[in-house]
Amino acid sequence: MKIFGFVFSLVITLALTIALSVKIGSVPPLGHFLDPFHGFWQNAESKELYVDPTISASVRQPVSVVYDSLLIPHIFAENEYDLYWTQGFVQASHRLWQMEFVTHVAAGRISEIVGERALEFDRAQRRKGLSFAAENSWQQVQKNDTARQMLEAYSDGINAYIASLRYQDYPIEYKLLNYQPEPWNPLKSSLLLKYMAEDLAGSDGDVESTNALKLFGKESMDRYFPVFLPERDPVIPTKHEWDFEAMPIDTPQIIYQDNTLYTETIEEPNPDNGSNNWAVSGSRTQSGNPLLANDPHLGLDLPSIWYLVQLKAPGVNVFGATLPGSPGVVIGFNDSIAWGVTNARRDVKDWYKITFTSDLRDEYEFGSRRLKTQQRIEEIKIRGADTFYDTVIYTHYGPVVYDQSFPRKSTASVPLNHAMKWVAHDPSEEVVTFYELNRASNYQDYVRALNHYRSPAQNFVFASTAGDIAMWVQGAFPVKWQGQGRYLMDGSHPEQEWKAFIPQEHNAYVRNPERGFVSSANQIPADTTYPYYIYDYSFEHFRNRRINSQLARSRKATPTQMMELQNDVYNQKASDILPLMLDSLDLSALSAQERDRYDILRRWNYRNTVNQAAPAIFRAWWRELKKQIWDEFALEEITLDLPTDAATIYVMKQFPNDTIFDSKLTSSPETINDLIQESFSVAQQEIQNWEEVHGIAVNWGDYKSTSIQHMLRLNPDPFGVSNVPVGGGRNIISANSERHGASWKMVVELGESIKAWGVYPGGQSGNPGSYFYTNMVDTWAKGEYYSMKFYQYPEDNPTSVLARQTIQPQSTE
């Protein structure tokens, strides 16, 4: 097994990288780890699953757990406490280390595990206020008895599993890093959800945009970072009639003048985080039943992001993908409905300059008043060193992230004394949304469930056995005046602050549209008729158009066609721009080898399949061309965001004489055609170098080299899967890039009996020594699916059952 080979590489070298490039310094003690009776050897498992047929625990009534052939647990309980207790117990038995590690990352507690090397990462997490946000949410959830009891039962189950462990039972990562699990509590579940909020809605670009405004001016900013692009295809179909009158908002006359050019900001989430979802009305399907599909695009990690489960108790029978560390099902279906989510990009994080009245920073100006600050003392424990205490100032906007002590680089110019205002900091109860969705039976239940959902904003797709389909762009969205929050703002002026949130009933949504389908792929939510200001600097522009064009052509859709669409590798971006690029080349100036690659691109069918050379050639050319176009943004001493690929194409087509194409680094004037010619030659040299290094002709699969890495980023990584042969790429429906992709693919048919199919790039077990750690990867890479077993009773489908377990109440004697 690969786990045995790992030991030999470990003895030679151990270079672990914890999330966001936090490296471990020295090799941990290996005595316990190599102990044949208690160490890593105890983590090896066979394909056959052994569980105790009967165990006693602190449940109130007997619970049945049926593991199907994919190690998916189907939990049958007689009450909600036992249902969520068992979900916590079972998830911990397969994913305990992952659950705890992610919450340590969110809370800024990695220094406790790896020492001082993680201190600056932990400080950044604390200063972003993730723990502060989680505490606010847990306080809100405690006001809802049902949600509180759900989280407490889930925690009780996790803690029961932790209490049952001996050292030899610990997940291998605890042994490798030489620490042990700690008790779980509901706050950790809140932390997990805030970690997802940061991952999906933690970007803003305000500092970078402010820098760009100073360098290039407003006219260029509006051109290079347009909100509404030609051929836009929003989530809500164009020309939708809005049946409400928008809340009024005044635009202040105050303009904040900030003359500083900033050189550094805290690292932001990966921009590739996104998703696809859609639902097709029964009027457009072969069976007459609605179809729903969802595939969230996240980091390709092991253990896998998702964990599948069925939960059945009085009032609920639900199946789907869960986040290890949080109860309930996040994406899935029950007897009556199905739902899924994609990231609803919107600017919900702004930065305000704080004018302190003294160096004590205990008061700040706000209009004619002086408001008091609050100090939050962050105690950061460091393994092998003294505890570090970090004082973070909080205003009514939120935390002041940057100050004289953070970051530690003395040469960095950062937005000192700016407070972060972020929707995710506010009290919220997203767990209630999923509790109610799990039990929803119709469209009205679905809408009521969404009332509890604030962050991260999501496009919730819906379909029901009653025949309804719908899409709600759901989240807490501040009512903003045109342009508010795009740049840094002056926090001393109350006029600059958010005044209200868009009412729930004003959020963009559509039910049973005339076209017979709904879809979303992280694009702009609505067209210019929507009466509220919409902004994000990175709306998707390619996947959404391809999805809608394919759905519009399908009149008798089937589940198989929905799977094929999820695996579609058509490169809409290349289709949009490659013809112009090829037509602009001076063929007489090309070498023989360059002409061969030109011919390959001319013959390309725009599909990013693994064996083709054209996708690699185009990608190399496009990256080099974009680099040359935006070379004035590549200033090492200033932090800037590049315009998106969609904006780049827009400028190339609509403004071919823009001065951006004339490099300031050269003496002779340049045109877009010059850049296209030069970048083609540079890209072909890159391809040639790649072929010489690898000793093979270039192909998309090897060039892209998709990998699924262990969360610890081991090097070498015996716990990961390298060079997975899967097509697709960025801005493609099958969005599998080097380290990101479809983290869970689900298709549901909502007929008299629910049918569903799914797959994800990993397995149910978090143990690298288990067959069920990566057993679904090959199926996922091939674009194939498993039929999801939706049992009605514990005795159902005995041929697909791997193991059964009964959890009995403990004797009171």
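### Details of the overall build of the protein chain
No. 1: Along its length, the protein chain carries 22 helices and 30 strands.
No. 2: Rg of the C-alpha trace for the protein chain: 27 Å, near the compact-globule value of 28 Å for 813 residues, within the 12% margin.
No. 3: Taking the intrachain contacts of the protein chain between residues at least 6 apart in sequence as the baseline, contacts between residues at least 24 apart amount to 73%.
No. 4: Per element, the accessible surface of the protein chain, about 31500 Å² overall, is 48% carbon and sulfur.
No. 5: Separation of charge centres in the protein chain, based on 73 positive and 99 negative side chains, amounts to 2 Å.

### Quick word on helix α7 (residues 145-163)
No. 1: Taking 1.5 Å per residue, 19 residues should reach 27 Å; α7 reaches 26 Å between its end C-alpha atoms and fits that length.
No. 2: Those residues of α7 not exposed but buried are Ala147, Met150, Leu151, Ala153, Tyr154, Ser155, Gly157, Ile158, Tyr161 and Ile162.
No. 3: On the buried face of α7, the contacting elements are α3 (80-107), α6 (130-141), α9 (186-201) and α12 (430-439).
No. 4: In this structure asparagine 144 caps α7, since a side-chain oxygen of it lies 3.1 Å from the backbone nitrogen of threonine 146.

### Concerning the sheet that holds strand β13 (residues 349-353)
No. 1: Strand order in the open sheet made by the 3 strands is β18-β13-β21, with mixed pairing throughout. Pairing within the sheet leaves two strands with one partner each, and these edge strands are β18 (418-422) and β21 (489-490).
No. 2: As paired elements, β13 and β18 share 5 bridges and run antiparallel to each other. Opposite aspartate 350, over in β18, you have lysine 421 as the bridge partner.

### Comments concerning the pairing of strand β14 (residues 363-366)
No. 1: Note: β14 against strand β15 (residues 369-372), 4 bridges, orientation antiparallel. Among the inter-strand pairings, glutamate 363 is bridged to a residue of β15, identified as lysine 372.

### Some details on the sheet that holds strand β24 (residues 706-710)
No. 1: The strand order across the open sheet built from 3 strands is β8-β24-β25, with neighbouring strands paired in mixed fashion. Of all the strands in the sheet, just β8 (301-302) and β25 (721-724) have a single pairing partner and so form its edges.
No. 2: The pairing of β24 with β25 spans 2 bridges and is antiparallel. Across the sheet, threonine 706 pairs through a bridge with valine 724, a residue of β25.

### Describing the pairing of β18
No. 1: Counting buried residues along β18, 5 of its 5 residues qualify, which places the element largely inside the surrounding structure.
No. 2: Here β18 shows a buried face lined by His418, Met420 and Trp422 and a second buried face lined by Ala419 and Lys421.

### Topic: the confidence of the model for the protein chain
No. 1: For the protein chain, the mean per-residue pLDDT works out to 92, and 93% of the residues sit at or above 70.
No. 2: Confidence drops under a pLDDT of 50 for residues 1-27, and excluding neighbours within four residues, the segment shows 68 contacts in the predicted structure.

The rules behind each value
Residues numbered from 1 in each chain as written. Predicted model: local features only at pLDDT ≥ 70, side-chain atom pairs only at ≥ 80, totals over all residues. Heavy atoms only, no water. Helix = DSSP H or I, 4+ residues; strand = E, 2+ residues; numbered from the N terminus. Rg over C-alpha atoms; globule rule 2.2 N^0.38 Å. Contact = heavy atoms within 4.5 Å. Areas by Shrake-Rupley, 256 points an atom, 1.4 Å probe, with all protein chains shown as cover. Lys, Arg positive; Asp, Glu negative; His and termini not counted. Charge placed at Lys NZ, Arg CZ, Asp CG, Glu CD. Expected span 1.5 Å × (residues − 1). Buried < 20%, exposed > 50% of the residue type's maximum accessible area, 1.4 Å probe, protein only. Polar contact = N/O pair within 3.5 Å; in protein donor to acceptor, adjacent residues only side chain to side chain. Pairing = 2+ DSSP bridges. pLDDT = per-residue confidence, 0-100.

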